[in-house]
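Below are the chains, spelled out letter by letter.
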Amino acid sequence: MANKHLKNQSIVNIRNDLNNSLNELKYKDLSAKIIVGHYHLFKNAGTSVDTILENSFSSYWKTVEFNKKYGKSNSPLVKEWLLNNLEISAFSSHTALFPIPVIDSIFIIPIVFLRHPIDRIWSIYKFERKHKIILNSSIKLAKKYDFACYLNHQLDRQDNRSFRNFQTYRFSFLNIQQNSTELEKALSGFNSLPLVGIVDHFDLSMKLFKDIIIKYFPSFQVKPTHKNITSHQNLSLEEKLDLIKSSLDSSTYERLLESNDEDLKLYNEAKRKLLSTK
């Protein structure tokens, strides 16, 4: 009974934190139009989130992609698109970058997930390796090589952020301070969001997102769904990480860790916050 009480208290504390964040963002202004914005980071449970949004919002949910230029936010393009699509209630995008657009009388409730970076990269490899059509060079590499060779090819490209602190890079756009490191920007920006989901705690994360969204969309539902799973779904995260480590030689494994150390710090901080009072 004591453990159950602590768990319930954990949820209450997290909800209080969420409500405080929402108050700061003025989400309680019900005269404003509310839009749920899913910032879909590749291989971060985004297909499952999209299924939930489509089931709840139907034709009022749209997917959209934007042009990107390295190191520069496309948030103004997101803002322009939203102003031209005021009929929607939710959107999803792989390529929409932070910061969240500031628009008079419109408030965006962001949904975004983080994933353990090593598990995420392993999932990318498994996803691309089973792809039937070779759409790009990365899929071609996955089909041709084992995981170690694939990784080394990807990491040899210095401009390839998909395999080098990708999540830190994307979260860094939340903070525009010029004299901060990318990780400092990401951590500061992360703390400005009402909630960041964790892939390996997907159900808890979506329950908390629902607590926010249902205030403005009472019919919003989160039905159990786990779509597009490619990475040994019956294994725990720890078991998957052990499997990944065993599939690599020591030098490649160390290179992978070093190339994603900031992502690991960001992920651990987000996970700690989600489970802080558990």
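Here is what the cut-offs are and how they apply
- Residues numbered from 1 in each chain as written.
- Predicted model: local features only at pLDDT ≥ 70, side-chain atom pairs only at ≥ 80, totals over all residues.
- Heavy atoms only, no water.
- Helix = DSSP H or I, 4+ residues; strand = E, 2+ residues; numbered from the N terminus.
- Expected span 1.5 Å × (residues − 1).
- Buried < 20%, exposed > 50% of the residue type's maximum accessible area, 1.4 Å probe, protein only.
- Salt bridge = Lys/Arg side-chain N within 4 Å of Asp/Glu carboxyl O.
- Core = buried A, V, L, I, M, F, W, Y, C linked by side-chain atoms within 4.5 Å.
- 1 Å grid on protein atoms, 1.4 Å probe; cavity = no way out; pocket = protein on both sides within 12 Å on 5 of 7 lines; lining within 4 Å.
- Points joined across faces, edges and corners; volume = space filled by probe spheres on them.
- Nonpolar A, V, L, I, M, F, W, Y, C, P; charged D, E, K, R; others polar.
- Axes fitted to C-alpha atoms, helices over the stretch in contact; angles between N-to-C directions.
- Parallel < 35°, antiparallel > 145°, perpendicular 65-115°, else oblique.
- Left-handed = near helix turned anticlockwise from the far one by under 90°.
- Contact = heavy atoms within 4.5 Å.
- Pairing = 2+ DSSP bridges.

*Asks:* Sorry if this is basic, but what is going on with helix α2 (residues 46-57) here?
*Replies:* Because each turn of an α-helix spans 3.6 residues, side chains separated by three or four positions in sequence point in the same direction. Between its first and last C-alpha atoms α2 spans 16 Å; for 12 residues at 1.5 Å apiece the expected length is 16 Å, and the two agree. Buried residues of α2: Gly46, Ser48, Val49, Asp50, Thr51, Ile52, Leu53 and Phe57, and no others.

*Asks:* Mind showing me how you'd approach the pattern of salt bridges here?
*Replies:* Proximity of charged atoms lets side chains of opposite charge pair with each other. Considering all chains together, one arrives at eight salt bridges under this definition. Note that Asp159 and Arg157 form a salt bridge whose closest N and O atoms lie 3.7 Å from each other. With relative accessibility at 57%, the residue Asp159 sits in the exposed group. With a relative accessible area of 41%, Arg157 lands in the partly exposed category. For Asp200, the salt bridge identified is with Lys271, shortest N-O distance 3.1 Å. Highlighted residues: Asp200 in the loop between β6 (197-198) and α9 (202-213) and Lys271 in helix α12 (residues 261-274), separated in sequence by 71 residues. A single network of salt bridges, built from pairs that share partners, joins Arg115, Asp119 and Lys240.

*Asks:* What is the right way to read the nonpolar core from this model?
*Replies:* One broad trend across soluble globular proteins is that nonpolar side chains are buried collectively. In this structure, Phe57, Leu82, Phe91 and Phe171 are the most contacted members of the largest nonpolar core, which totals 59 residues. For this core, the element with the highest residue contribution is α9, accounting for six residues. Within the second largest apolar cluster, 17 residues are counted, among which are Ile121, Leu141, Ile244 and Leu248.

*Asks:* Would you mind going over empty space enclosed by the protein with me for this structure?
*Replies:* Any empty space left between atoms is shown by rolling a water-sized probe over those atoms. This model, assessed by the stated rule, comprises one cavity of 30 Å³ or more. Here the largest cavity defines a volume of roughly 30 Å³. Grouping the amino acids of the lining of the largest cavity by side-chain chemistry returns five nonpolar, no polar and one charged.

*Asks:* Sorry if this is basic, but what is going on with the packing of helix α6 (residues 147-156) against helix α11 (residues 250-259) here?
*Replies:* Helix packing geometry: the angle between the two helix axes and the distance between the axes. Where α6 meets α11, the axes come as close as 10 Å, and the angle between the chain directions of the two elements is 40°. Judged by the angle between their axes, α6 and α11 are oblique. The crossing of α6 and α11 is left-handed. For the pair formed by α6 and α11, the contact residues are Ala148, Leu151, Asn152, Leu155 and Asp156 on the first element and Thr252, Arg255, Leu256 and Ser259 on the second. A class-by-class count of the residues in the contact of α6 with α11 yields four nonpolar, three polar and two charged.

*Asks:* Quick question: what am I supposed to make of the sheet that holds strand β3 (residues 90-93) here?
*Replies:* Adjacent strands of a sheet pair through backbone hydrogen bonds, lying either parallel or antiparallel. Spatial ordering of the open sheet is given by β2-β3-β1-β4, a layout of four strands whose pairing is parallel. Sheet topology places β2 (61-63) and β4 (106-111) at the edges, where each strand pairs with a single neighbour. Within this sheet the neighbouring strands show an average axis-to-axis angle of 25°, counted without direction. Summarising the sheet, strand β1 (residues 33-39) and β4 pair through six bridges and their orientation is parallel.

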